[in-house]
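Summary of the model geometry
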Amino acid sequence: MAEAERIIGTPETPDADRDGQDRDGRERTGSGPVGVPDAGAAAGAARGKRRVAVLFAVAAVAYALDLISKMIVVAELEHHEPIEIVGEWLRFEAIRNAGAAFGFGEAFTVIFTLIAAAVIVVIIRLARKLYSLPWAIALGLLLGGALGNLTDRIFRSPGVFRGAVVDFIAPKGFAVFNLADSAIVCGGVLIVLLSFRGLDPDGTVHKD
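Here's what I pulled together on the structure shown here. (Residues numbered from 1 in each chain as written. Predicted model: local features only at pLDDT ≥ 70, side-chain atom pairs only at ≥ 80, totals over all residues. Heavy atoms only, no water.)

Here's the deal with the overall build of the chain
If you tally the helices and strands in the chain, you get six helices and three strands. If you list the helices and strands of the chain from N to C, you get α-α-α-β-β-α-α-β-α. Across the 208 residues in the chain, those meeting the buried criterion constitute 31%. Taking the contacts inside the chain whose residues are at least 6 apart along the sequence as the reference set, 63% of them involve residues at least 24 apart. Looking at the chain as shown, the accessible area adds up to about 13000 Å², and 65% of this sits on carbon and sulfur atoms. (Helix = DSSP H or I, 4+ residues; strand = E, 2+ residues; numbered from the N terminus. Buried < 20%, exposed > 50% of the residue type's maximum accessible area, 1.4 Å probe, protein only. Contact = heavy atoms within 4.5 Å. Areas by Shrake-Rupley, 256 points an atom, 1.4 Å probe, with all protein chains shown as cover.)

Structural notes on the pattern of salt bridges
Within the structure shown, the criterion is met by six salt bridges. Of the charged contacts, one joins R96 and E78 as a salt bridge, the two residues approaching to 2.8 Å between their closest N and O atoms. Here the residue R96 occupies a position in strand β2 (residues 90–97), and E78 occupies one in the loop between α3 (39–76) and β1 (83–86), the gap between them amounting to 18 residues. On the basis of relative accessible area, R96 is assigned to the partly exposed category, the value being 35%. Of the residues examined, E78 reaches a relative accessible area of 15% and is grouped as buried. In the salt-bridge network here, residues are joined through shared partners; they are D66, K70, D152 and R156. (Salt bridge = Lys/Arg side-chain N within 4 Å of Asp/Glu carboxyl O.)

Considering helix α5 (residues 133–155)
Since one α-helical turn is 3.6 residues long, residues separated by three or four positions face the same way. Taking 1.5 Å per residue as the helical rise, α5 with its 23 residues ought to reach 33 Å, and the 33 Å between its terminal C-alpha atoms agrees with that figure. Here α5 starts with a cap whose side-chain oxygen sits 3.4 Å from the backbone nitrogen of W135, and that cap is S132. (Expected span 1.5 Å × (residues − 1). Polar contact = N/O pair within 3.5 Å; in protein donor to acceptor, adjacent residues only side chain to side chain.)

Brief notes about a nonpolar patch on the surface
Together, I83, I85, V86 and W89 make up a nonpolar patch on the protein surface, roughly 410 Å² of accessible area in all. Summarising the element assignment, V86 is placed in strand β1. Since its relative accessible area comes to 45%, V86 is described here as partly exposed. (Patch = residues over 30% accessible without salt bridge, like charges linked within 9 Å, V, L, I, M, F, W, Y side chains within 5 Å.)

Observations concerning unusual backbone geometry
The linkage connecting S157 with the following residue, P158, adopts the cis geometry, with an omega of 15°. With respect to the helices and strands, P158 occurs in the loop between α5 and β3 (165–171). One non-glycine residue, H79, lies in positive phi territory at about 70°. Within the secondary structure, H79 is located in the loop between α3 and β1.

Focus on the packing of α5 against helix α6 (residues 179–197)
Relative to each other, α5 and α6 sit at 150°, their axes nearing to 8 Å. Taken together, α5 and α6 sit at an angle that is classed as roughly antiparallel. Between α5 and α6 lies a crossing whose hand is left-handed. Contact residues: α5 offers P134, W135, I137, A138, L139, L141, L142, G145, A146, G148 and N149, while α6 offers A180, D181, A183, I184, C186, G187, G188, L190, I191, L194 and S195. Classifying every residue of the contact of α5 with α6 by side-chain character gives 15 nonpolar, six polar and one charged. (Axes fitted to C-alpha atoms, helices over the stretch in contact; angles between N-to-C directions. Parallel < 35°, antiparallel > 145°, perpendicular 65-115°, else oblique. Left-handed = near helix turned anticlockwise from the far one by under 90°. Nonpolar A, V, L, I, M, F, W, Y, C, P; charged D, E, K, R; others polar.)

Encoded structure:
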């Protein structure tokens, strides 16, 4: 009788489901034993780890480029005449900025420092459920830029949490900025575009 029921099938009832799980020792939605993730879950976890790696790789590149460029500017350009790159339209000019990106809000240096630190913490916490490659790139740019400017806030004069950021990219008729500012802006624009498309950090797509 038991063999006949196995071949023909039994009605789909909660009791039958529980009996099936007890007999086979397997979840009906997976191919492995109870408590062991199936291949799909394992692939999803691996995919998530790869996205986290992308986030930190992008952040490391953005941070390194910003840090190296500032070291060169301080050593070679500060207290010297600006260097024209594209005539008068673009030049490199070293300045110290105590405000936010692009020179705004110089009276709130400590506040901007705390905001940058909070952004870094939020990004790191969000990385735990990151499955989207575009989001990994966007958050990596934000993280690298925030770390770049936060490093200046902490280690440059006039003091810890009040340090002035090194800016040097000076387009004509626009505020002077640095590579960290550029990374933050590019990451923010990408996040806005992804949000409009309905793509979430976990890789799901929603439509309002």
